[in-house]
Amino acid sequence: MAPVILLGGMFSGLFTPTEAAAVADIYALFLGFVVYRTLSLRDLPAILVNTAETTGIVAVLVMVAGALGWCMSISRIPQTLAPVIVGAIHDPIVFLLAANVVLLAIGCFMEALAAMLILIPILVPAAIGFGIDPVQFGLIMIFNLILGTIHPPIGVVLFVMSRIAEITFEQISRAILPWLVPLLIVLLAITVWPPLTLGLPHLLMK
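A quick note: this is a predicted structure, and the numbers were derived from the prediction, not measured.

J.: Would you mind going over helix 6 (residues 112-129) with me for this structure?
T.: An α-helix turns once per 3.6 residues; consequently, residues spaced three or four apart project the same way. For helix 6, built from 18 residues, the straight-helix expectation of 26 Å at 1.5 Å per residue is met to within 8% by its first-to-last C-alpha distance of 24 Å. Residue L119 marks the point of greatest curvature in helix 6, where the axis turns by about 50°; the proline P121 follows within four residues. Those residues of helix 6 that fall on the buried side of the exposure criterion are A114, A115, I118, L119, I122, L123, A126 and A127. Two residues or fewer after helix 6 comes G131, characterised by a positive phi angle close to 80°.

Have a look at this one:
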């Protein structure tokens, strides 16, 4: 029921993603104390300390990713590379494939929001110039940056999952690699076949 409560609450407008985290905490505590009775008040200090440690790790990663994004923005690396790439490309499909490579590479090292703030003003106008639908390109950008959160060497989500599973980051990085293959196939599909992403929006607009 957790996904139903969280996603249903957010999509219905009952609470924001931040509030959803609090609801998830309350739901987990309710299950632990009342339904399964696997938790006691004595367990709470250890749970809170473990949560603080995991949050601290993620906060440091986000901070470093934000600093890296700031350095890249100040040095104008994306602004320099993107026009060169776009200028050398004359085919929409080739542009999308090149954009995927750039987004995947940047998503491995930068926090998603920082990457979007830097790259959207550069890549979206170029995509529109190639006649690519903004909805399709937006989904491609988001999908790429989501992959970055589970892709070594940074992979913020991988750090959290390694803590939960109590295994090393190296172990979970190796384990995630086979699962990236179907995700990359989906990414390729939504890149080369626009109806996969535009079919439903166009149907709703009729």
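J.: Explain unusual backbone geometry here, please?
T.: Of all residues except glycine, most have a negative phi; of all peptide bonds, most are trans. In this model, R37 sits at a positive phi of 55°, which is unusual for a non-glycine residue. Of note in this structure, E166 is not a glycine but carries a positive phi near 60°. By secondary structure assignment, the location of E166 is in the loop between helix 8 (156-165) and helix 9 (169-192). A residue is classified by how much of its surface remains accessible, and E166, at 72% relative accessible area, is exposed.

J.: What should I look at first to understand the packing of helix 6 against helix 7 (residues 134-149) in this one?
T.: For the pair helix 6 and helix 7, interaxial distance at closest approach is 11 Å and the crossing angle is 150°. Looking at the two axes, helix 6 sits roughly antiparallel to helix 7. Crossing of helix 6 against helix 7: the hand is right-handed. Along its contact with helix 6, which presents A112, A115, M116, L119, I120, L123, V124, A127 and I128, the element helix 7 presents P134, F137, M141, I142 and L145. Classifying every residue of the contact of helix 6 with helix 7 by side-chain character gives 14 nonpolar, no polar and no charged.

J.: Would you mind going over the layout of surface pockets with me for this structure?
T.: Unoccupied space between atoms shows up once a probe the size of one water molecule is rolled over them. Empty space within the largest pocket amounts to approximately 260 Å³. Around the largest pocket, the lining residues are A24, D25, A28, L29, L39, L44, I47, L48 and T51. Its residues assigned to classes, the lining of the largest pocket shows seven nonpolar, one polar and one charged.

Thresholds applied
Residues numbered from 1 in each chain as written. Predicted model: local features only at pLDDT ≥ 70, side-chain atom pairs only at ≥ 80, totals over all residues. Heavy atoms only, no water. Helix = DSSP H or I, 4+ residues; strand = E, 2+ residues; numbered from the N terminus. Expected span 1.5 Å × (residues − 1). Bend = angle between axes of the 7 residues up to and from the residue. Buried < 20%, exposed > 50% of the residue type's maximum accessible area, 1.4 Å probe, protein only. Axes fitted to C-alpha atoms, helices over the stretch in contact; angles between N-to-C directions. Parallel < 35°, antiparallel > 145°, perpendicular 65-115°, else oblique. Left-handed = near helix turned anticlockwise from the far one by under 90°. Contact = heavy atoms within 4.5 Å. Nonpolar A, V, L, I, M, F, W, Y, C, P; charged D, E, K, R; others polar. 1 Å grid on protein atoms, 1.4 Å probe; cavity = no way out; pocket = protein on both sides within 12 Å on 5 of 7 lines; lining within 4 Å. Points joined across faces, edges and corners; volume = space filled by probe spheres on them.

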